[in-house]
Amino acid sequence: QVQLVESGGGLVQAGGSLRLSCAASGRTFSSSTMGWFRQAPGKEREFVALFSFNGGWTSYADSVKGRFTISRDNAKNTVDLQMNSLKPEDTALYYCAATPPGRTGSNLQDYIYWGQGTQVTVAS
């Protein structure tokens, strides 16, 4: 079974930074697109960032462009999300997700593997 485990969440003040990490086990994920999503209380899950399966490009939600950076280390089977200049509206449960091999990850339904989530709380 494929397992994704997020870590690095916590409580920070507005303007602060956090680095989230996702560790994958059970497979080598170099051929899978990796994504980060978040869900605030009472709201739908939303896309945050992705790193393509071939490492050719990344994509970010407009709300986090210029503040968040996604990276991956295929040798370690990890994907990170560096979050800077955090805002209270960034408060959410953050999820790591992965597609099957060769999928672009442009559709939410492409992601079939999900972590348990890590909480990020930004105080004003």
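Described in the following lines is the structure provided in the data block. Note that the coordinates shown come from a computational prediction; the quantities given were computed from them, not determined experimentally.

Bringing the packing of aromatic side chains into the picture now. Here the structure, examined in full by the defined rule, presents five aromatic pairs. Ring geometry for phenylalanine 37 versus tryptophan 114: centroids 5.0 Å apart, planes at 50 degrees, classification tilted. With a gap of 77 residues between them, phenylalanine 37 in strand 4 (residues 34-39) and tryptophan 114 in strand 10 (residues 113-114) connect regions that are remote in the sequence. What makes phenylalanine 37 buried here is its relative accessible area of 4%. According to the relative accessible area criterion, tryptophan 114 is partly exposed, its value standing at 28%. Here the aromatic residues Phe37, Phe47, Tyr95, Tyr111 and Trp114 are joined through ring pairs into a cluster of three or more. One Lys or Arg, arginine 45, reaches over the ring of tyrosine 95 and ends 3.8 Å from the middle of that ring.

Once that is clear, we can look at the side chain of threonine 33. Counting through the fold element by element, threonine 33 comes out in the loop between strand 3 (18-25) and strand 4. A residue is classified by how much of its surface remains accessible, and threonine 33, at 0% relative accessible area, is buried. Of note is the side chain of threonine 33, whose polar atom sits 3.4 Å from the backbone oxygen of threonine 104. For threonine 33, the residues in contact, after removing those within four places along its chain, are Leu50, Phe51, Ser52, Phe53, Arg72, Ala97, Ala98, Thr99, Arg103, Thr104, Gly105 and Tyr111.

Burial analysis of strand 4 places five of its six residues in the buried class, which makes it a mostly covered element. Examined bridge by bridge, strand 4 and strand 5 (residues 46-51) share five bridges and lie antiparallel to one another. For phenylalanine 37, the partnering residue across the bridge sits in strand 5 and is phenylalanine 47. In this structure, the hairpin formed by strand 4 and strand 5 is closed by a connection of six residues, where glycine 42 is found at a positive phi of approximately 75 degrees. The sheet contact formed by strand 4 and strand 9 (residues 92-98) spans six bridges and is antiparallel.

One non-glycine residue, asparagine 77, adopts positive backbone phi at about 55 degrees. On the secondary structure map, asparagine 77 appears in the loop between strand 7 (68-73) and strand 8 (78-83). On the basis of relative accessibility, which here comes to 12%, the residue asparagine 77 falls in the buried class. Phi at serine 85 is positive, roughly 50 degrees, even though this residue is not glycine. Here serine 85 lies in the loop between strand 8 and strand 9.

What counts as what
- Residues numbered from 1 in each chain as written.
- Predicted model: local features only at pLDDT ≥ 70, side-chain atom pairs only at ≥ 80, totals over all residues.
- Heavy atoms only, no water.
- Phe/Tyr/Trp six-rings, centres within 6.5 Å; stacked < 30°, edge-to-face > 60°.
- Helix = DSSP H or I, 4+ residues; strand = E, 2+ residues; numbered from the N terminus.
- Buried < 20%, exposed > 50% of the residue type's maximum accessible area, 1.4 Å probe, protein only.
- Lys NZ or Arg CZ within 6 Å of the ring centre and 35° of its normal.
- Polar contact = N/O pair within 3.5 Å; in protein donor to acceptor, adjacent residues only side chain to side chain.
- Contact = heavy atoms within 4.5 Å.
- Pairing = 2+ DSSP bridges.

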